[in-house]
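# Structural overview
If you want the building blocks of each chain, they are given just below.
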Amino acid sequence: MCSSDLQRQLGITTVYVTHDQEEALSLSDRVVVMSEGRIEQVGTPFEVYNFPTTAFVARFVGTLNVVAATVVDASAGVVEVAGQRIRTAAAVPGSGSVAVALRPEMVSLGEVAGHNSLAGTIRDVMFLGSTVRLRMRLADGTPVLFDTFNNPHLALPARDDRGTVSFPTEACLVLDRDAAGPLPDVVALDEV
């Protein structure tokens, strides 16, 4: 019996403190993400992962692509990333520079009708068993990681192939550029 089953069976509330994100997301009904003694977000694991309310939570929970963007049309949710225009699901607050966050599992190889797309060069293909992680570099050097499920008929690109990735407008989480702070370690991964 796993500990969450035991908690439910006994009907007890348990406070569990951990830095293991997978453990926190899998065991919890509610998650509290804290930074420097302050609560950043409280919610279900689904809410915290998919709808982070602060830049810290977005960067802290899970793997994340954070790319610099310039606001083109704030009310229409249009931003430009590495010279390529994409659309967000909602209006973009403010103007000037913002950061756009994308989860790797929301990005897919190839063009998909009705989705945003970004073109670049494949830098790496990493076989991880049930998943394959690909790393692409946009024209300005911005790296984008994306995941696809492995299957024996998967046609993978080779290093240095040109490629396009697609993602729905809902996948674009817009962060205030200043609030986003330094870009996460995903940038360092592409220096190879």
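Now for a description of the structure that goes with this document.

What counts, and at which threshold
Each chain has its residues counted from 1, following the order in which its sequence is written. With the structure being a predicted model, the display of local features is reserved for residues of pLDDT at least 70 and the display and counting of side-chain atom pairs for 80 or more, all residues being used for whole-chain, interface and lining totals. Excluding hydrogens and water, the side-chain values take into account all heavy atoms of the structure. In this text, buried Ala, Val, Leu, Ile, Met, Phe, Trp, Tyr and Cys residues form a nonpolar core when linked through side-chain atoms within 4.5 Å. Three labels apply to residues, based on accessible area from a 1.4 Å probe with only protein chains included: buried if under 20% of the type maximum, exposed if over 50%, partly exposed otherwise in between. Helix and strand assignments come from DSSP, with helices taken as H or I runs of at least 4 residues and strands as E runs of at least 2, each series counted from the N terminus. By the convention used here, residues are in contact when the closest approach between their heavy atoms is within 4.5 Å. Two strands are said to pair when DSSP picks up at least two bridges between them.

Generally speaking, soluble globular proteins have nonpolar side chains that are buried together. Core analysis: the biggest nonpolar cluster contains 24 residues, and Val79, Val81, Ile86, Val100 and Phe167 have the highest contact counts within it. Taken together, the elements giving at least two residues each to this core come down to strand 3 (65-73), strand 4 (78-81), strand 6 (97-102), strand 8 (116-127), strand 9 (131-138), strand 10 (143-149) and strand 11 (162-167). Ranked by the residues each element gives to this core, the list is headed by strand 9, at four residues. Excluding anything up to four places from it in sequence, Val79 contacts Ala69, Thr70, Val71, Val72, Gln84, Arg85, Ile86, Val92, Val98 and Val100. Core analysis: the second largest hydrophobic core is formed by seven residues, Ala58, Leu64, Ala99 and Leu175 among them.

Let's shift gears to the pairing of strand 3. Of the pairings in the sheet, the one linking strand 3 to strand 6 comprises six bridges and is antiparallel in character. Bridge pairing in strand 6 places Ala69 opposite Val98. Of the pairings in the sheet, the one linking strand 3 to strand 4 comprises three bridges and is antiparallel in character. Opposite Asp73, over in strand 4, you have Val78 as the bridge partner.

Our next topic: unusual backbone geometry. Located in the positive-phi region is Ala82, a residue other than glycine, with phi close to 50°. Turning to its location among the elements, Ala82 is positioned in the loop between strand 4 and strand 5 (84-87). Residue classification places Ala82 among the buried positions, given a relative accessible area of 18%. Even without being a glycine, Asp160 presents a positive backbone phi close to 75°. With respect to the helices, strands and loops of the structure, Asp160 is situated in the loop between strand 10 and strand 11. The exposure class assigned to Asp160 is partly exposed, which follows from its relative accessible area of 48%.

The pairing of strand 8 with strand 11 spans six bridges and is antiparallel. Looking at strand 11, one finds that Ala119 is bridged to Thr164. Bridge count for strand 8 against strand 9 is seven bridges, and the pairing is antiparallel. Its bridge partner being in strand 9, Gly120 is matched across the sheet by Leu138.

Moving on to the environment of Leu118. Among the secondary structure elements, Leu118 is positioned in strand 8. On the accessibility criterion, Leu118 (2% relative accessible area) is buried. Ignoring anything within four residues of it in the chain, the contact list for Leu118 reads Val81, Gln84, Ile86, Met136, Leu138, Gly163, Thr164, Val165 and Phe167.

Attention shifts here to the sheet that holds strand 7 (residues 108-109). Taken together, five strands build an open sheet; the order of strands is 7-11-8-9-10 and the sheet is antiparallel. Strands with a single pairing partner mark the edges of an open sheet, and in this sheet they are strand 7 and strand 10. Alignment of strand 9 against strand 10, held across seven bridges, turns out to be antiparallel. Counterpart to Val132 in the pairing with strand 10 is Thr148.

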